[in-house]
Amino acid sequence: MKRNSTRFSFTAQRFWLAGIFALTALAFSGCGQKDSASTTDQAAPLPEVQVTHVRRGTIQQTVELNATSVFRRQHVLKSPVTGYVFKSFAEPGRMVKKGAPVFVIETKESRALGNSLDSLNLQLGLSGRITIRASVSGYVASISHQTGDFVPEGEPLATLNDRNSMAFLLNVPVEWPTIIHNGMQLPVRLPDGRTLTGVVTETLPSVDQAAQTHQVIIRVGKAGVVPEGLMAKVSLAQSEKENTQLLPKTAVLANETETHFWVMKMHGKETAVKVPVTTGIQTADSVEILTPTFRPADEILTTGNYGVPDTLNVKVIR
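It should be emphasised that the depicted structure is a prediction, and the values quoted were computed from it without experimental measurement. (Residues numbered from 1 in each chain as written. Predicted model: local features only at pLDDT ≥ 70, side-chain atom pairs only at ≥ 80, totals over all residues. Heavy atoms only, no water.)

Colleague: Account for the overall build of the chain, with residues named and values stated.
Modeller: For the chain, the count of helices and strands is three helices and 22 strands. Within the chain, residue pairs in contact and separated by at least 24 positions form 72% of the contacts whose partners lie at least 6 positions apart. Accessible surface computed for the chain: about 20,000 Å², of which carbon and sulfur atoms make up 54%. (Helix = DSSP H or I, 4+ residues; strand = E, 2+ residues; numbered from the N terminus. Contact = heavy atoms within 4.5 Å. Areas by Shrake-Rupley, 256 points an atom, 1.4 Å probe, with all protein chains shown as cover.)

Colleague: An account of the confidence of the model for the chain is requested, with residue identities and associated values reported.
Modeller: Any segment with low pLDDT has predicted coordinates that should not be analysed in fine detail. Per-residue confidence for the chain gives a mean pLDDT of 84, with 82% of residues at or over 70. A low-confidence stretch, residues 1–8 (pLDDT under 50), is modelled with zero contacts involving residues beyond four sequence positions or located in other chains. In the predicted structure, residues 36–40 sits below a pLDDT of 50 and forms zero contacts with residues beyond four places in sequence or in another chain. (pLDDT = per-residue confidence, 0-100.)

Colleague: So what's going on with the nonpolar core? Residues and values would help.
Modeller: Among the nonpolar cores identified, the biggest contains 25 residues, and F168, L170, I180, V188 and L236 are the most heavily contacted of them. Looking at this core, the elements that each hand over two or more residues are strand 2 (55–71), strand 11 (166–173), strand 12 (185–189), strand 13 (195–208), strand 14 (213–220) and strand 15 (231–248). If near-sequence neighbours (up to four positions away) are discounted, I180 is found in contact with L170, L186, V200, V216 and L236. Membership of the second largest hydrophobic core comes to 14 residues, among which are A134, V140, L157 and A158. (Core = buried A, V, L, I, M, F, W, Y, C linked by side-chain atoms within 4.5 Å. Buried < 20%, exposed > 50% of the residue type's maximum accessible area, 1.4 Å probe, protein only.)

Colleague: So what's going on with the sheet that holds strand 4 (residues 83–88)? Which residues, and what values?
Modeller: Note: strands within a sheet are paired through backbone hydrogen bonds, in either parallel or antiparallel orientation. Strand order in the open sheet made by the four strands is 7-6-4-9, with antiparallel pairing throughout. Here the strands that pair on one side only, and so sit at the sheet edges, are strand 7 (129–133) and strand 9 (150–151). Bridge count between strand 4 and strand 6 (residues 101–107): five bridges; the pairing is antiparallel. Within strand 6, the position partnered with V85 by the bridge is I105. (Pairing = 2+ DSSP bridges.)

Colleague: Please provide a residue-by-residue account of the environment of T303, values included.
Modeller: On the secondary structure map, T303 appears in strand 20 (residues 300–303). For the pair formed by T303 and V49, sequence separation is 254 residues and the distance between their alpha carbons is 5.3 Å. Not counting the four nearest positions on each side in its chain, T303 is found in contact with V49 and Q50. Reaching out from T303, the side chain makes a polar contact with the backbone nitrogen of Q50 at a distance of 2.9 Å. (Polar contact = N/O pair within 3.5 Å; in protein donor to acceptor, adjacent residues only side chain to side chain.)

Colleague: Quick rundown of the environment of L230? Include the residues and the values.
Modeller: Within the secondary structure layout, L230 lies in the loop between strand 14 and strand 15. Judged by relative accessible area, L230 falls into the partly exposed class, the value being 22%. Once you skip the residues sitting within four places of it in the chain, L230 turns out to touch A67, T68, S69, F168, L190 and P191.

Colleague: Any chance you could break down the packing of aromatic side chains for me, citing the residues and the numbers?
Modeller: Summed over all chains, the structure comprises two aromatic pairs. Here Y84 and F150 contribute two aromatic rings whose centre-to-centre distance is 5.3 Å and whose plane-to-plane angle is 65°, an arrangement assigned as edge-to-face. You can see Y84 sitting in strand 4 and its partner F150 sitting in strand 9, a full 66 residues away along the chain. When its relative accessible area of 44% is taken as the criterion, F150 is described as partly exposed. The ring of F86 is capped by R129, whose NZ or CZ atom sits 3.9 Å from the centre of that ring. A cation sits over an aromatic face here: K274 above W262, 4.2 Å from the ring centre. (Phe/Tyr/Trp six-rings, centres within 6.5 Å; stacked < 30°, edge-to-face > 60°. Lys NZ or Arg CZ within 6 Å of the ring centre and 35° of its normal.)

Colleague: A description of the environment of R295 should follow, citing residues and the corresponding values.
Modeller: Locating R295 in the fold gives a position in the loop between strand 19 (286–291) and strand 20. You can call R295 exposed: its relative accessible area is 56%. Taking the C-alpha atoms as reference, R295 lies 7.5 Å from V54; in sequence the two are 241 residues apart.

Colleague: Explain the pattern of salt bridges to me, using residue names and the numbers behind them.
Modeller: If you walk through the whole model with that rule in mind, you get six salt bridges. For K241, the salt bridge is made with E288, and the minimal N-O distance between the two is 2.6 Å. Here E288 lies in strand 19 and K241 lies in strand 15, a separation of 47 residues in the sequence. By relative accessible area, which is 34% here, K241 ends up partly exposed. (Salt bridge = Lys/Arg side-chain N within 4 Å of Asp/Glu carboxyl O.)

Colleague: Now, about the side chain of S69: what can you tell me, with residues and values included?
Modeller: You can see S69 is positioned in strand 2. Within polar-contact distance, the side chain of S69 engages the backbone nitrogen of L230 at 2.8 Å. When sequence neighbours within four positions are dropped, the list of residues in contact with S69 reads M166, A167, F168, V226, P227, E228, G229 and L230.

Colleague: Give me the sheet that holds strand 5 (residues 95–96): which residues, what numbers.
Modeller: In spatial order, the strands read 3-10-8-5; together these four strands make up an open sheet with antiparallel pairing. A strand with exactly one partner marks an edge of an open sheet, and here the two such strands are strand 3 (74–78) and strand 5. The pairing of strand 5 with strand 8 (residues 138–143) spans two bridges and is antiparallel. The residue bridging M95 from the neighbouring strand is Y139, located in strand 8.

Structural data, given as C-alpha cells:
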C-alpha cells in the first residue's frame, strides 16, 4: 500500500508542477503581447505634411467681363443698273478679297433683246453683263438677292464686314472710372481657347441707361477668323497691392461661411498649431495675409492641414 501511495503522490506532484509551468507560460505570453501592443502604439507613424513660407510680392484683385466681337465698318454692294442677278459668288460667312467678283448683273435691255443685243454688243465691244467686285477684304455678312432675282438700280445685294475693322465691344460699369484707359493692353480669351492681345483704343461717349455701363473698344491684331457676335472674356484689375504677405491658397483654411480664416503653423519640428489670420485680396492661387505678420522662416502647412486639431504632431516631408 505504501508503494502505491508513494507512486500516486509522485504523479500528483508531476501534474501540479506541469500546471504551474503552464500558468507561468501564459502569464509571460500575456506580458509579451502587452509589450508588443505598447511598442506598436508608440511606433504609429505621424501624418505627413508639406510646408511653405510666407513670401512678399504683388497681388491683383481682378474682375472678368464679357466682350462681344463686332465689325465697325460694313460695305453694302449695290446694283449699278436695273436688271437681273445673272450669277452670285456670295455665301454667308465667306471670306472675300478686295477686287474679287461677288455678283454678275445682266441689264434688263440685254435680257429683253436676247441674242440680237449680244450680236450688237460683240460688234461694238460691249457687254450686257456687269461684274460687281468686293470693295474691301472681309466677310459676307448678309445676302439680299440670289441668282435670277430682278433688282432695280441702287438695290442692295450683299453686305461685307471689313476685316480690318474687327474689334471687341466691352461694357464697363460707370462706377469703375479708373479701371481702364486708352492704350491699355488686355488679354481677350476666346471660347475656343485662344487668347488674343487687345489694346483699348477708345471709350464711346454714351452710357447705357438701364445697365449703367459705357462701351469700350478693344482692337486685336492677327485675330484670324472671328465671327461677329462672338462672346469673349476680358479680365480687368480692380485693385493692386505691392510688397504684401502672400500664401498659397491651399495653406489658408476657412469655416463653412468663410467668415473666419486660419493657417496651421509649425511650432518646433513636429507640432503644428492653429493661427487665426485676416485675409485681403484673393486670386485663384494666392491669398494676401493682412495679420499677423509672419517671419520668413515660419513654416506653414500646405498639405495635410485640413480638418486637423489645434495641436497636432506631424512629420514634415520635403
